[in-house]
Amino acid sequence: MSTIAHNLQVVTEAINVAAREAQRAPGEVQLLAVSKTFPAQAVLEAVYAGQRAFGENYVQEGVDKIHAVAQARGCTPLEWHFIGPIQSNKTRLIAENFDWVHTIEREKIAQRLSEQRPAGLHPLQVCIQVNTSGEASKSGVPLAEAGALARRVAALPRLALRGLMSIPEPEHDFDKQRAAFRVLRELYDQLRAEGIALDTLSMGMSADMRAAIHEGATIVRVGSAIFGARNTNQG
Ligand SMILES: *Cc1c(COP(=O)(O)O)cnc(C)c1O
């Protein structure tokens, strides 16, 4: 078995254990394999091991990989999630090539994605990225503005608002990890109670996915635990 196939088994088992601990069904937590900085060949190894959903942070790298993987695999249905910062001059490539975007933090970007989403594709599935770390983080919409942004995004015709996403500041302590994820989950519960249809909480990475699953994550975004350590100057 390849290292990637083995790592996928280990991560899947860790997700199942965490879900059981949290008295949740393992099927409630989807594994997004974050393949940024790794070649198409690594994605293919994961595909052969049964993985279907992949996350990319850099637009051109992601688009090149999507095409390379499609050439090698024909029409195997894969799901590509964009999880990096979005510049407005890159929205068209994202709208044309990805299935999901987790990192909506401005209405203007959401409008462009909606306008540029090709008519032949299903609506782009999106999450609002929320800054749950206050001053410590520069990415994500401030907590207090997330509800208003969610309402405006939900109204855009070619986007389907699915949920919320966060990248908390790294913490080693399990309880502190949980506390950061709880902030996002409470916002999620509140927005749902106010009538916004959401079903996705994208939170948790290799180092903190157990805490995220305890707080209700429905998608965990896992890179290094599957593909190995990344070259540090590439994110
Ligand atoms: C790189 C990245 C991940 C995966 O991080 P790992 O620590 O390698 O699991 C998840 N989410 C986002 C937004 C990332 O940029």
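Above this text you will find the structure in question.
From a predicted model like this one, the values you see are computed outputs, not experimental measurements. (Residues numbered from 1 in each chain as written. Predicted model: local features only at pLDDT ≥ 70, side-chain atom pairs only at ≥ 80, totals over all residues. Heavy atoms only, no water.)

**A word on the layout of surface pockets**
Rules: Buriedness for pockets is judged along seven lines, at least five of which must meet protein on both sides within 12 Å for an open set on the 1 Å grid over protein atoms alone, while cavities are sets there where a 1.4 Å probe fits but cannot get out, and lining residues have an atom within 4 Å of a point. Grid points are joined across faces, edges and corners, and a volume is the space filled by probe spheres set on the points. In this text, helices come from DSSP runs of H or I with a minimum length of four residues, and strands from runs of E with a minimum of two, each type numbered from the N-terminal end. Classification convention: Asp, Glu, Lys, Arg as charged; Ala, Val, Leu, Ile, Met, Phe, Trp, Tyr, Cys, Pro as nonpolar; all other residues, Gly among them, as polar.
Of the pockets and cavities examined, the largest pocket occupies roughly 640 Å³. Together, 30 residues line the largest pocket, and Ile167, Pro168, Pro170, Met205 and Arg221 are the ones closest to its centre. Taken as a whole, the second largest pocket encloses approximately 260 Å³ of empty space. Contributing elements (two or more residues each) for the lining of the second largest pocket: α3 (59–73) and α4 (91–97). Across the lining of the second largest pocket, the residue classes tally to 8 nonpolar, 4 polar and 4 charged.

**Overview of α3**
Just so we agree on the cut-off: Expected helix span is taken as 1.5 Å per residue step, with the number of steps being one fewer than the number of residues. In this scheme, a residue with accessible area under 20% of its type's maximum is buried, one over 50% is exposed, and one in between is partly exposed, where area comes from a 1.4 Å probe on protein chains only. The arc in question is traced by the directions running from the helix axis to the C-beta atoms. Whether two residues are in contact is decided by their heavy atoms, any of which lying within 4.5 Å being enough.
Along its 15 residues, α3 runs 21 Å from first to last C-alpha, staying within 8% of the 21 Å computed at 1.5 Å per residue. For α3, the complete set of buried residues consists of Val59, Gly62, Val63, Lys65, Ile66 and Val69. Within α3, the buried residues cover an arc of 165° as seen down the axis, which keeps them to one side. Its buried side turned inward, α3 meets α2 (40–48), β2 (53–56), β3 (79–82) and α4.

**Some words on the packing of aromatic side chains**
Quick note on the threshold: A pair of Phe, Tyr and Trp rings is counted when the ring centres sit within 6.5 Å of each other, with Trp represented by its six-membered ring. The angle between the planes then sorts it: under 30 degrees is stacked, over 60 is edge-to-face, the rest tilted. A ring has a charge above it when a Lys NZ or an Arg CZ is no more than 6 Å from the ring centre and no more than 35 degrees off the ring normal.
Overall, the coordinates contain 3 aromatic pairs when judged by the stated rule. Judged by centre distance (5.3 Å) and plane angle (75°), the ring pair of phenylalanine 82 and phenylalanine 98 falls under edge-to-face. On the criterion of sequence distance, the pair formed by phenylalanine 82 in strand β3 and phenylalanine 98 in the loop between α4 and β4 (100–104) is long-range, its members being 16 residues apart. The burial state of phenylalanine 82 is the same as that of phenylalanine 98; both residues are buried. Over the face of the ring belonging to phenylalanine 174 we find arginine 210, whose NZ or CZ atom lies 4.3 Å from the ring centre.

That is the geometry; function is a separate question.
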